[in-house]
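# Topology and contacts: notes
Each chain, written out:
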Amino acid sequence: YPHPASQSHLLLGMPALARGDKDFFALTVGNYILGGGGFVSRLMSEVREKRGLAYSVFSYFSPGKDAGIFQAGLQTKSDQGALALEVMSQTIANFIANGPTVSELLAAKANLVNGYPLRIDNNRKLLDNVSSIVWNDLPLNTMENWTQQVEAVTLDQVSAAFQKYLSIDRMKIVVLGAQNK
């Protein structure tokens with residue numbers, strides 16, 4: 001059935017990691033650089049700033065107790081869907097192959113560490129964190145050690161983790177939008 005939307009929604013993703021995995025922090029820091037850091041991310045730079053293909057573009061890991069997903073996505077004009085998907089896919093593939101730069105790594109770690117208090121600044125967020133710790137069988141000192149874990153992440157750890165968990169060739173693509181005329 002034709003869809004009346006003027007925009008296409010593009011998603012790609014694949015199964016990824018469990019929350020308790022040792023690569024969780026490397027993937028968290030790496031994803032901040034790739035697409036989780038908003039306007040400072042590579043995806044935002046390539047898709048929005050350089051080419052104007054989307055207002056917003058993102059990526060994230062959603063780890064579960066036993067497994068989770070990696071997902072990236074954007075919305076764009078229907079007639080730009082193929083190009084936007086190509087740019088997003090190539091940006092992710094390049095990041096998997098080459099990893100971050102030293103300056104990207106330092107900036108991501110600083111932003112994540114400095115932003116940590118906002119993750120626990122009310123009772124609801126504290127409860128969510130404690131619930132996650134218990135649900136995922138994490139050490140009880142997880143919140144105390146979170147920033148140290150982020151600070152300890154290296155370039156090699158980010159590169160190795162992205163190559164271990166992600167492959168652009170294995171990602172599934174979902175496109176929802178207007179039928180091209």
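In what follows, the accompanying structure is described.

Conventions used here
- Residues numbered from 1 in each chain as written.
- Predicted model: local features only at pLDDT ≥ 70, side-chain atom pairs only at ≥ 80, totals over all residues.
- Heavy atoms only, no water.
- Buried < 20%, exposed > 50% of the residue type's maximum accessible area, 1.4 Å probe, protein only.
- Helix = DSSP H or I, 4+ residues; strand = E, 2+ residues; numbered from the N terminus.
- Contact = heavy atoms within 4.5 Å.
- Axes fitted to C-alpha atoms, helices over the stretch in contact; angles between N-to-C directions.
- Parallel < 35°, antiparallel > 145°, perpendicular 65-115°, else oblique.
- Nonpolar A, V, L, I, M, F, W, Y, C, P; charged D, E, K, R; others polar.
- Pairing = 2+ DSSP bridges.
- Core = buried A, V, L, I, M, F, W, Y, C linked by side-chain atoms within 4.5 Å.
- 1 Å grid on protein atoms, 1.4 Å probe; cavity = no way out; pocket = protein on both sides within 12 Å on 5 of 7 lines; lining within 4 Å.
- Points joined across faces, edges and corners; volume = space filled by probe spheres on them.

Where helix α2 (residues 42-49) is concerned, the buried positions are Arg42, Leu43, Met44, Glu46 and Val47. Here the buried face of α2 lies against α1 (24-36), β2 (57-62), β3 (69-77), α3 (81-98) and α4 (102-115).

Quick look at the packing of α1 against α4 now. In helix packing, the relevant descriptors are the interaxial angle and the interaxial distance, both defined with respect to the helix axes. Interhelical geometry of α1 versus α4 gives an angle of 110° and a closest axis separation of 9 Å. The angle between the axes of α1 and α4 places the two elements in the roughly perpendicular class. For the pair α1 and α4, the contacting residues are Thr28, Val29, Tyr32 and Ile33 in the first and Glu104, Leu105, Ala108, Lys109, Asn111 and Leu112 in the second. The residue inventory of the contact of α1 with α4, partitioned by class, reads six nonpolar, two polar and two charged.

Moving on, we get to the pairing of β2. A one-sided burial pattern is seen for β2, the buried positions being Val57, Ser59 and Phe61 and the unburied ones Phe58, Tyr60 and Ser62. Across six bridges, β2 lies against β3 in antiparallel orientation. Note that in β3 the partner of Ser62 across the bridge is Ile69. Once β2 ends, the chain turns through six residues before running back antiparallel as β3.

As a further point, take unusual backbone geometry. For Asp137, which is not glycine, the phi dihedral falls at a positive 55°. Mapped onto the elements, Asp137 comes out in the loop between α5 (123-135) and α6 (142-151). Residue classification places Asp137 among the exposed residues on the basis of a relative accessible area of 61%.

With that out of the way, let us pick up the nonpolar core. Formed by 44 residues in total, the largest nonpolar core has its most connected members in Phe70, Met88, Ile92, Phe162 and Leu166. The element that contributes the greatest number of residues to this core is α1, accounting for eight residues. With near-sequence residues (within four places) excluded, Met88 lies in contact with Leu10, Leu12, Leu43, Val47, Val57, Ala72, Gly73 and Leu74.

Right, let's talk about the layout of surface pockets for a bit. For the largest pocket, the calculated volume is near 530 Å³. As for the largest pocket, its lining consists of 22 residues, of which Arg19, Phe24, Arg119, Asn129 and Trp146 are closest to the centre. Going through the elements one at a time, α1, β2, α5 and α6 are the ones with two or more residues in the lining of the largest pocket. When residues in the lining of the largest pocket are grouped by element, the largest group, six residues, is from α1. A per-class count over the lining of the largest pocket returns 12 nonpolar, six polar and four charged. Considered as a void within the structure, the second largest pocket measures approximately 290 Å³ in volume. Those elements giving two or more residues to the lining of the second largest pocket turn out to be α1 and α6. Top contributing element to the lining of the second largest pocket by residue count: α6, with four residues. Of the residues contributing to the lining of the second largest pocket, the split by class is eight nonpolar, six polar and four charged.

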